[in-house]
Amino acid sequence: MDIIVCIKQVPDTTEVKINPETNTLVREGVPSIVNPFDENAIEAALQLKEQNGGTVTVITMGPPQAAEALKTAIAMGVDDAILISDRAFAGSDTWATSYTLSQAIKKIGKYDLILCGKQAIDGDTAQVGPGIGEWLGLPQVTFASKITFENGKLKVERMLEEVNEVVECPLPAVVTVVKQINEPRLPSLKGLMRAKKAEIKSFSAQFIESDLDNTGLKGSPTSVVKIFTPPVKGSSQMLSGEPEEMVNSLLGKLKEQKLI
Ligand SMILES: Cc1cc2nc3c(=O)[nH]c(=O)nc-3n(C[C@H](O)[C@H](O)[C@H](O)COP(=O)(O)OP(=O)(O)OC[C@H]3O[C@@H](n4cnc5c(N)ncnc54)[C@H](O)[C@@H]3O)c2cc1C
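Description of the site of the ligand
Around the ligand lies a shell of 31 residues, among which Cys-6, Lys-8, Asp-38, Ser-92 and Thr-125 are the nearest. Within the contact set of the ligand, an oxygen atom lies 3.1 Å away from a side-chain nitrogen or oxygen of Asn-35. The protein chains hide 87% of the 940 Å² of surface that the ligand would expose on its own. Those elements giving two or more residues to the shell around the ligand turn out to be β6 (55-61), α3 (94-108) and β8 (113-117). For the shell around the ligand, the class distribution of residues is 10 nonpolar, 14 polar and 7 charged.

Some points on the nonpolar core
In terms of nonpolar packing, the biggest core is built from 37 residues, with Val-5, Ile-7, Ile-42, Val-58, Leu-115, Ile-147 and Val-175 touching the most fellow members. Sorting elements by how many residues they give to this core places helix α2 (residues 67-76) first, with 7 residues. Excluding residues within four positions of it along the chain, Ile-147 makes contact with Leu-48, Leu-115, Leu-154, Lys-155, Val-156, Val-175, Val-177 and Ile-181.

Observations concerning the sheet that holds strand β10 (residues 153-159)
Pairing in this open sheet of 9 strands is mixed, and the strands run β11-β10-β9-β12-β8-β1-β6-β7-β13 from one edge to the other. The open sheet has two edge strands with one neighbour each: β11 (164-169) and β13 (201-203). Taken over all neighbouring pairs, the strand axes of this sheet differ in orientation by 35° on average, direction set aside. Pairing of strand β1 (residues 2-6) with β8, which is carried by 3 bridges, proceeds in the parallel orientation. The partner of Ile-3 across the bridge, within β8, is Leu-113. Across the sheet, helix α4 (residues 128-136) touches β1, β8, β9 (140-150) and β12 (173-177), and the angle it forms with β12 is around 175°.

A word on α3
For α3, with 15 residues, the first-to-last C-alpha span of 21 Å sits near the 21 Å given by 1.5 Å per residue. If you check which residues of α3 are buried, you get Ala-96, Thr-97, Ser-98, Tyr-99, Thr-100, Leu-101, Ser-102, Gln-103, Ala-104 and Ile-105. Summarising the contacts, the buried residues of α3 are in contact with β1, β6, β7 (80-84), β8, α4 and β13. The backbone nitrogen of Trp-95 has a side-chain oxygen 3.1 Å away, supplied by the residue at the start of α3, namely Asp-93. The first or second residue beyond α3 is Gly-109, which carries a positive phi of 80°.

Rules behind the numbers
- All residue numbers refer to position in the chain's written sequence, counted from 1.
- In keeping with the model being predicted, local features are shown solely for residues with a pLDDT of at least 70 and side-chain atom pairs are shown and tallied solely at 80 or more, while totals for entire chains, interfaces and linings include all residues.
- The basis for every side-chain value is the complete set of heavy atoms in the structure, and neither hydrogens nor water enter the calculation.
- Nearness is judged by heavy atoms alone; a residue qualifies as near a molecule or strand once a single heavy atom is within 4 Å of it.
- In protein, a polar contact requires one atom able to donate a hydrogen and another able to accept it; more generally it is a pair of N or O atoms within 3.5 Å, and residues adjacent in sequence count only if both atoms are side-chain atoms.
- Each accessible area is a Shrake-Rupley estimate made with a 1.4 Å probe; only the visible protein chains count as cover when residues are assessed.
- Put simply, DSSP H or I for four residues or longer makes a helix, DSSP E for two residues or longer makes a strand, and each gets a number counted from the N terminus.
- Gly is placed with the polar residues, together with every amino acid not listed as nonpolar (Ala, Val, Leu, Ile, Met, Phe, Trp, Tyr, Cys and Pro) or charged (Asp, Glu, Lys and Arg).
- As used in this record, nonpolar core signifies buried Ala, Val, Leu, Ile, Met, Phe, Trp, Tyr and Cys residues forming a set joined through side-chain atoms within 4.5 Å.
- Exposure classes here rest on a 1.4 Å probe applied to the protein chains alone. A residue is buried below 20% of its type maximum, exposed above 50%, and partly exposed in between.
- Any two residues whose heavy atoms approach within 4.5 Å are treated as being in contact.
- Following DSSP output, two strands are said to pair if at least two bridges run between them.
- For helices, the fitted axis covers only the stretch in contact; all axes are lines through C-alpha atoms, and the angles between them, taken along N-to-C directions, range from 0 to 180 degrees.
- Expected helix span is computed as 1.5 Å times (number of residues minus one).

Here it is, written out as structure tokens:
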């Protein structure tokens, strides 16, 4: 099974800062990591390869420094890594991002399964995986908490709010994973050495035959109009003292407000 995993480099913080003038993320001075859900996608791909054979290739669209995210994936044990990078991709929204990734996937050509994280912890839209499925005309399964390959079909358990759902789908397909699917492995020493020496391939807009009307800021039909922190509703209060005291105090306050 040949698997492509889409990974995104994100700021190592949930406290994402926004430039109020441009409404874009401030990335300067913030250390970067592989989007945590994408580490789960890499682990899922490596496990499927261990069970069924094949290859695992990771791709990321981003500036040159996103190559570091690819090196993390190499250290975890993937076979190949490709950076999709070009000034033309700057300012992409989810439409343009999923288009660009799907063009790169077409260029790679050989794939049975495309894995993504459920969502990126900075952009948080959860649109890119399904977007890739649409651009490539492939079946898509979101929120996967278990993936197996049986009798030529993919069997996926989906983690929904109240229940879990099991679906089957033919390959090729796009699947997005939740963090409950696995515990990502730590890079091995051998992997770290391989990552250090690895030369990362780069795909340009021209190489992937990107239609510039669907690329970058110009090809992005959405724009962020306003970003703001909503005001905190009501006031919060920290209780202190021994556990029994705090429980009694909490019960008293709840009774006072006729909540119990
Ligand atoms: C309207 C709008 C305007 C924006 N404008 C800008 C801007 O001007 N500048 C800017 O820096 N950002 C901008 N962004 C953010 C940027 O478009 C998103 O970061 C990007 O589209 C991915 O969306 P997301 O982060 O919500 O990913 P999600 O859809 O939440 O990610 C889901 C999964 O898709 C995959 N994935 C996502 N992005 C990538 C990637 N780049 N490479 C490989 N795999 C990926 C990963 O597997 C990830 O787990 C904008 C976003 C929006 C909605």
